[in-house]
Amino acid sequence: MSEPLPGPRALLHLLFNGARAVDVVETALRLGLLDALEPGPVTLAALSERQGLVPARLDKFLDCLESLGLVRREPTPDAREETRYAAVPGLRAAAEAVLGPRSLERDRERYAWHELHGHLPEVLRGERSVSREAFDWPPRTPEQVAGFEASMAAGLGPIVETFRAHADALFPAGTRLLDVGGGDGSLAAHLLEARPDLRVDVYNLPSCEPLVERTRRARGLEGRLGFVAGDFLREPLPNSHDALSFVRVLHDWPEDTAHALLRAAFEALPPGGRVLICEEFRTPERLAAQFFWSYFLMGVDSCGSRLRDVAFYTRALPASGFREVRVLPGPFELVTALRP
Ligand SMILES: C[S@@+](CC[C@H](N)C(=O)[O-])C[C@H]1O[C@@H](n2cnc3c(N)ncnc32)[C@H](O)[C@@H]1O
């Protein structure tokens, strides 16, 4: 769905009514109204009869959805009950993704954003931050590490889809891939399940080793899913792999660190070796999905997660010596390049 954003005044009205707006959309999802509205158009009379709802009340409910830009109304000179409504395409899936029980937004509610809420002037002046007990970057305590990596694994769906779509071209038989900052090994496990001839090592801080061990055992990947402990800010990357991936890693760091990591990847790869970068590049829709992190990380100076323009990487890769830079399509784009 790429609807134009409402003007500033309309947007602010809607934001002020945010809790009520979410209530409306959640209700539409729960009652099955979105299932009826998305193939639409459907008349008010048919919809209220099918769902057992009071037409005059449903009429107001549909006005709420229309004011959010989620439902379109076809005005009619006929009786009010004959007005036809249709949901904008993709609404049901979007509502499930953002408001459903496995929503990433719900997952983010676990973070201590309320430590900043109402205190942004002090936050912006550098007088207040998220406490290190609540969140540290990189995660420090075993609870922080496990909680953070679980959040990451929950959002892997589009990344797995992108990698799977391009796996044949990217990973010839026998490829050894190092997934740098590879979380708890969940992405590696998906790739290994899709490609029986692949071998993947996760490179991560030592605190992540038990999580990767757990993934290896749970998915029966002994002998194929390895772990290499290291800190890429302090030491060179290991140099015994054909390909290195950075998945949602480079955008966590300032530009000079991202450049340094790409140079480290270049040094570690053999001639013909491939680097892969997968993260969300900056578009209005993705910026909306990133809102939580833009807000929360104002209080965490050690983490600068920002969506970058893809041009940052298409310029940075050649500058680090890489050639044949390609941007492959997918739900998250995948940028690849080769060491000559
Ligand atoms: C945003 S997470 C992405 C995890 C995973 N790639 C994914 O997309 O689900 C960033 C990862 O970088 C790792 N990381 C952070 N600092 C690191 C460092 N200095 N050396 C190695 N890994 C690091 C974290 O432990 C975490 O697994």
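What counts and how
- Residues numbered from 1 in each chain as written.
- Predicted model: local features only at pLDDT ≥ 70, side-chain atom pairs only at ≥ 80, totals over all residues.
- Heavy atoms only, no water.
- Axes fitted to C-alpha atoms, helices over the stretch in contact; angles between N-to-C directions.
- Helix = DSSP H or I, 4+ residues; strand = E, 2+ residues; numbered from the N terminus.
- Parallel < 35°, antiparallel > 145°, perpendicular 65-115°, else oblique.
- Left-handed = near helix turned anticlockwise from the far one by under 90°.
- Contact = heavy atoms within 4.5 Å.
- Nonpolar A, V, L, I, M, F, W, Y, C, P; charged D, E, K, R; others polar.
- Domains from an automatic or database assignment.
- UniProt positions renumbered as here; feature names shortened; annotations may be inferred.
- Near = heavy atom within 4 Å.
- Polar contact = N/O pair within 3.5 Å; in protein donor to acceptor, adjacent residues only side chain to side chain.
- Areas by Shrake-Rupley, 256 points an atom, 1.4 Å probe, with all protein chains shown as cover.
- Pairing = 2+ DSSP bridges.
- Buried < 20%, exposed > 50% of the residue type's maximum accessible area, 1.4 Å probe, protein only.
- Salt bridge = Lys/Arg side-chain N within 4 Å of Asp/Glu carboxyl O.

### What about the packing of helix 4 (residues 44–51) against helix 5 (residues 55–67)?
Piece 1. Here helix 4 crosses helix 5 at 110 degrees, and the two axes come no closer than 10 Å. Between helix 4 and helix 5, the angle falls in the class roughly perpendicular. Considering the relative orientation of helix 4 and helix 5, their crossing is right-handed. Here L44, L47 and S48 of helix 4 come into contact with helix 5, specifically with P55, L58, D59 and L62.
Piece 2. Residues that form the contact of helix 4 with helix 5 fall into these classes: five nonpolar, one polar and one charged.

### Concerning the domain arrangement of the protein
A common way to report how large an interface is uses the accessible area buried once the components associate.
Piece 1. Examined at the domain level, the protein breaks down into domain 1 (8–99) and domain 2 (113–338).
Piece 2. On a C-alpha basis, the centres of domain 1 and domain 2 stand 38 Å from each other.

### A short note on the UniProt feature "domain: O-methyltransferase C-terminal" (unreviewed entry) in the protein
Piece 1. Look at the UniProt record and you will see "domain: O-methyltransferase C-terminal" (unreviewed entry) annotated at residues 134–283.
Piece 2. Secondary structure across residues 134–283 divides into 40% helix and 17% strand, with the first and last C-alpha atoms of the span separated by 30 Å.

### Examining the site of the ligand
Piece 1. Close to the ligand lie 21 residues, the nearest being E149, G181, N204, D231 and V247.
Piece 2. Within the backbone of G181, one N or O atom sits 2.8 Å away from a nitrogen atom of the ligand.
Piece 3. Taking 590 Å² as the accessible area of the ligand by itself, protein coverage stands at 97%.
Piece 4. Elements with a minimum of two residues in the shell around the ligand: helix 9 (142–154) and strand 5 (199–204).
Piece 5. Grouping the constituent residues of the shell around the ligand by class yields twelve nonpolar, five polar and four charged.

### With respect to the sheet that holds strand 7 (residues 243–247)
Piece 1. The sheet built from seven strands is open, its strands ordered 6-5-4-7-8-10-9 with mixed pairing. This sheet does not close on itself; its edge strands, each paired only once, are strand 6 (225–229) and strand 9 (323–328). When the angles between neighbouring strand axes are averaged without regard to direction, this sheet yields 20 degrees.
Piece 2. With five bridges connecting them, strand 4 (residues 176–180) and strand 5 associate as parallel partners. In the strand pairing of strand 5, D179 is matched with V202.
Piece 3. Contacting strand 5 and strand 6, helix 12 (residues 209–218) runs over the sheet at an angle of about 175 degrees to strand 6.
Piece 4. On the sheet, helix 13 (residues 255–268) packs against strand 7 and strand 8 (274–278) and is oriented at approximately 160 degrees with respect to strand 7.

### Points about the environment of E222
Piece 1. Note on placement: E222 falls in the loop between helix 12 and strand 6.
Piece 2. Along the backbone, E222 and N239 are 17 residues apart, and their C-alpha atoms lie at a distance of 22 Å.
Piece 3. When neighbours within four sequence positions are excluded, E222 is seen to be in contact with R216 and R217.

### With respect to the side chain of H166
Piece 1. Locating H166 in the fold gives a position in helix 10 (residues 157–170).
Piece 2. For H166, a relative accessible area of 16% translates into the label buried.
Piece 3. A distance of 2.7 Å separates a polar side-chain atom of H166 from the backbone oxygen of P329.
Piece 4. Contact partners of H166, with chain neighbours within four places excluded, come to L328, P329 and L334.

### Focus: the pattern of salt bridges
Piece 1. What the rule picks out here adds up to 19 salt bridges.
Piece 2. Residue E66 is joined to R73 by a salt bridge in which the shortest nitrogen-to-oxygen separation is 3.1 Å.
Piece 3. You can call E66 partly exposed: its relative accessible area is 30%.
Piece 4. Across the salt bridge formed by E74 and R84, the nearest N and O atoms sit 3.0 Å from each other. Of the two residues, E74 sits in strand 2 (residues 71–74) while R84 sits in strand 3 (residues 84–87), which places them ten residues apart along the sequence.
Piece 5. Where salt bridges share partners, they join D35, R92 and E96 into one cluster.

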